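# Summary of structural features
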Amino acid sequence: NGMGVAIMLALLDGGCESHPPLECLFTIDEERGLTGASHLDPGWLEARRMINLDSEEEGHFCIGCAGGVDVGIEGRFTPVPAPRGFVPLSVRVEGLLGGHSGMEIHSGRANAIRVLGRVLRTLIDGHGCAVASMAGGSKRNAIPRTASALVAAPRDGLEGIREAAAAIQARQREEFSPVDGDVTIAVTASTTTGDALPDSVMPPEFASRAVDLLLSLHHGVERMSCLSKGLVETSCNLAILESGVDSVSLVLTARSLVETAKYALVDRLDASARLAGFSHSRGNGYPGWKPDASSELLAAATAHHRGLTGGEPLVEAVHAGLECGIIGDRVGGMDMISMGPDIRGVHAPGERVCISSTRRFWEFLRGLLARL
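All values derive from a computational prediction rather than experimental measurement.

Let us now look at the overall build of the protein chain. Per the secondary structure count, the protein chain includes 11 helices and 17 strands. Projected onto the principal axes, the alpha-carbon positions of the protein chain cover approximately 75 × 40 × 35 Å. Per-residue burial over the protein chain gives 48% buried out of 372 residues. For the protein chain, the share of sequence-separated contacts (at least 6 apart) that also reach a separation of at least 24 residues comes to 79%. Accessible area for the protein chain stands at about 17,200 Å²; split by element, carbon and sulfur atoms hold 52% of it.

Compared with an ideal rise of 1.5 Å per residue, which puts 16 residues at 22 Å, helix α4 (residues 112–127) spans 21 Å between its outermost C-alpha atoms and is within 8% of the ideal. Among the residues making up α4, those that are buried are A112, I113, V115, L116, G117, V119, L120, R121, L123 and I124. The N-capping residue of α4, defined by a side-chain oxygen 2.8 Å from the backbone nitrogen of I113, is N111. G128 lies just past α4 and shows a positive phi near 65°.

On the surface, V5, L9, L12 and F26 cluster together to form a nonpolar patch covering roughly 360 Å² of accessible area. By the secondary structure assignment, L9 is in helix α1 (residues 2–15).

This next bit is on the packing of aromatic side chains. This model, assessed by the stated rule, comprises three aromatic pairs. Aromatic pair F77 and F206: ring centres 4.8 Å apart, planes at 40°, arrangement tilted. With F77 in the loop between β3 (67–76) and β4 (80–81) and F206 in helix α7 (residues 204–216), the pair connects residues that are 129 residues apart, well separated along the chain. A centroid spacing of 5.5 Å and a plane angle of 10° characterise the contact between F206 and F278, whose relative ring orientation is stacked. Of this pair, F206 sits in helix α7 while F278 sits in the loop between α8 (259–275) and β13 (279–286); the two residues are 72 residues apart in sequence, bridging distant segments of the chain. Side by side, F206 and F278 carry an identical accessibility label, which is buried. Feature note: the residues F77, F206 and F278 constitute an aromatic cluster, connected by ring pairs.

Quick look at the side chain of Q172 now. For Q172, the location among the structural elements is in helix α5 (residues 158–176). Discounting chain neighbours no more than four positions away, the residues touching Q172 are V115, R118 and V183.

All right, on to the packing of α4 against α5 then. The geometry of α4 relative to α5 is characterised by a closest axis approach of 10 Å and an angle of 145° between their N-to-C directions. With respect to the hand of their crossing, α4 and α5 are arranged in right-handed fashion. Packed against α4, whose contacting residues are V115, R118, V119, T122, L123 and H127, the element α5 presents G160, I161, A164, I168, R171, Q172 and E175 at the interface. Considering only residue class, the contact of α4 with α5 consists of six nonpolar, four polar and three charged.

Reading guide: rules and limits
- Residues numbered from 1 in each chain as written.
- Predicted model: local features only at pLDDT ≥ 70, side-chain atom pairs only at ≥ 80, totals over all residues.
- Heavy atoms only, no water.
- Helix = DSSP H or I, 4+ residues; strand = E, 2+ residues; numbered from the N terminus.
- Buried < 20%, exposed > 50% of the residue type's maximum accessible area, 1.4 Å probe, protein only.
- Contact = heavy atoms within 4.5 Å.
- Areas by Shrake-Rupley, 256 points an atom, 1.4 Å probe, with all protein chains shown as cover.
- Expected span 1.5 Å × (residues − 1).
- Polar contact = N/O pair within 3.5 Å; in protein donor to acceptor, adjacent residues only side chain to side chain.
- Patch = residues over 30% accessible without salt bridge, like charges linked within 9 Å, V, L, I, M, F, W, Y side chains within 5 Å.
- Salt bridge = Lys/Arg side-chain N within 4 Å of Asp/Glu carboxyl O.
- Phe/Tyr/Trp six-rings, centres within 6.5 Å; stacked < 30°, edge-to-face > 60°.
- Axes fitted to C-alpha atoms, helices over the stretch in contact; angles between N-to-C directions.
- Left-handed = near helix turned anticlockwise from the far one by under 90°.
- Nonpolar A, V, L, I, M, F, W, Y, C, P; charged D, E, K, R; others polar.

As structure tokens, then:
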């Protein structure tokens, strides 16, 4: 998004000598929920052709995207006193790659919240631990890289707990090798972390239901598209886990190129919540962008790419949410295409853009605007 802003500022600063009348639209809060685009007043725009500068591969033209909707799940409990004689343990899952929950959901990478659920299931069933708190993930559109919990454990069972965690770590590394084989499960006593045993914990029955829910909620690809090889049609990201003094809450994001499939998935998530005795809600929904192979803007961009490179661009739809879906829905009659330079590691530490690709894309865009 920063690259798109920089390119538009360069255009406004006179970086392109020949172009049609331009309107540059800068939106806020795209990553956290497409908020800016969702509040766009259609009357602000006169243009009916839009070049979206929020794609990540040079020479790829995006002409469609998935729609999405957030699902909130919450369970409430009455805290109970922490078991006497128990000690606090910090359980932390880390070392995962994470990534964009649309563009990387097909990669099979591990979800830290799901891994934490496996650890807690073992600690509850096999070692008599009580759960005080749990957390994981931070963004609705990112696969969680880390998750943690504070548990109360029997003082004489610490060695067995560490051995169990090490065994789960080994299994996870084997299961996710080579796509995400560096998962680390750290179990640390309070003398190291500084955590004190809380006065209260979750009731055992509630904690067990909450962990069962973490393990049963769908995460990953639900269905591949029949229209384009390798394109995900429908998916779900188990994105955020939080707990308070008397509640546990989750946020999941369902995506699909097909609106009915998206809401069918949401209905199943709702059903899982009800079976666990949790409430559920929906919010932050946004429409998809239906591909239009007859787009005049696509034809112009393709012809310009062919003239510059002698080859054909890759024309595709993506399983991510783009503002094109919302803007096209709100404005109506908009001919749209999305493009950009090479960007890698999106939504993860180390995100980077290729400088030479950015230079080539800048020249391509200037030439395309001159053709329009």
